[in-house]
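These are the residues of each chain, in order.
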Amino acid sequence: EAAVTQSPRNKVAVTGGKVTLSCNQTNNHNNMYWYRQDTGHGLRLIHYSYGAGSTEKGDIPDGYKASRPSQENFSLILELATPSQTSVYFCASGDAGENTLYFGAGTRLSVL
Amino acid sequence: GDKVKQSPSALSLQEGTNSALRCNFSIAATTVQWFLQNPRGSLINLFYLVPGTKENGRLKSAFDSKESYSTLHIRDAQLEDSGTYFCAAEEDPGYQNFYFGKGTSLTVIP
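Residues numbered from 1 in each chain as written. Chains lettered and ligands numbered in written order. Predicted model: local features only at pLDDT ≥ 70, side-chain atom pairs only at ≥ 80, totals over all residues. Heavy atoms only, no water.

Visitor: For this particular structure, what's the right way to read the state of the cysteines?
Guide: Covalent bonding between the sulfur atoms of two cysteines is what defines a disulfide. In total, this model carries two disulfides over all chains according to the counting rule given. Each sulfur of the disulfide joining C23 of chain A and C91 of chain A lies 1.9 Å from the other. Every disulfide takes its handedness from the sign of the S-S torsion; for C23 of chain A and C91 of chain A that torsion is -80°, giving left-handed. Here C23 of chain A is found in strand β3 (residues 19-25), whereas its partner C91 of chain A is found in strand β9 (residues 87-94), with 68 residues between them in sequence. Summarising the burial analysis for this pair, C23 of chain A and C91 of chain A share the class buried. The disulfide partner of C23 of chain B is C87 of chain B, and the gap between their sulfur atoms is 1.8 Å. Where C23 of chain B bonds to C87 of chain B through sulfur, the torsion about that S-S bond is close to -110°, and the disulfide is left-handed. Separated by 64 residues along the polypeptide, C23 of chain B in strand β3 (residues 19-25) and C87 of chain B in strand β9 (residues 83-90) bring together distant segments of the chain. Owing to a relative accessible area of 0%, C23 of chain B belongs among the buried residues under this scheme. In this structure C87 of chain B comes out as buried when scored by relative accessible area, which is 0%. (Disulfide = S-S within 2.5 Å. Helix = DSSP H or I, 4+ residues; strand = E, 2+ residues; numbered from the N terminus. Buried < 20%, exposed > 50% of the residue type's maximum accessible area, 1.4 Å probe, protein only.)

Visitor: Looking at this structure, how should I read the sheet that holds strand β7 (residues 65-67) of chain A?
Guide: One key point about sheets: their strands pair by backbone hydrogen bonds, in either a parallel or an antiparallel sense. Residue and element names in this part refer to chain A. In spatial order, the strands read β1-β3-β8-β7; together these four strands make up an open sheet with antiparallel pairing. Single-partner strands in this sheet number two, and they are β1 (4-7) and β7. Neighbouring strand axes in the sheet, compared pairwise and without regard to direction, differ in orientation by 20° on average. As paired strands, β3 and strand β8 (residues 75-78) are joined by three bridges and run antiparallel to one another. Bridge assignment links T20 to a residue of β8, and that residue is I77. (Pairing = 2+ DSSP bridges. Axes fitted to C-alpha atoms, helices over the stretch in contact; angles between N-to-C directions.)

Visitor: Any chance you could explain the sheet that holds β3 of chain B here in plain terms?
Guide: Residue and element names in this part refer to chain B. In space, the five strands of this open sheet follow the order β1-β3-β8-β7-β6, with antiparallel pairing throughout. Bordering the open sheet on either side are β1 (4-7) and β6 (52-56), each of which pairs with just one other strand. Put simply, the sheet's adjacent strands are angled 15° from each other on average, direction ignored. Inspection of the sheet shows β6 paired to strand β7 (residues 59-64) by five bridges, in the antiparallel sense. The residue bridging G52 from the neighbouring strand is F63, located in β7.

Have a look at this one:
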């Protein structure tokens, strides 16, 4: 069974603070993704990665960085959090062939 | 405009009835995935499709790349089918970007 684990599940941050969202997958998938979900927008791609050491910009990368230090781990970093980054963040993994997406349970981030 | 448009945006079904959800694409979609977001917020993958059809229990999905749409049929709806259904289309398999629709909120009524 595919397993994608996100931490923390909930986070409250202050404006201007640094936030790191972590994602771990045990599927040995090459591809990993970070999405945010907001009412009225569906899911939007922030960053993705083809494998360890690779990060690519998605559709809405501004204000976010990503890090893929290993096959299993993919982090999303908000260096200077802003209230507009309040959202639910989902990590996903997928294989390079049939790229079925497997999602984590999500992280609810509130920036005050 | 939206690259993936889902319809309807919301739907109520009597338990035991059938319905169909639809996604229309303004991109040249090559693959489509359907997800259910359950009331707890978890996103569950239902189908991965290249052009053609797939069936799994009471669910059946079709993807027509030439006409740029995909459908998800729910047969004999059950209470546990309630949630929000999302489709996601992939335009260029090498780009790894999936465009999501805004979802169809389904409520199954006893």
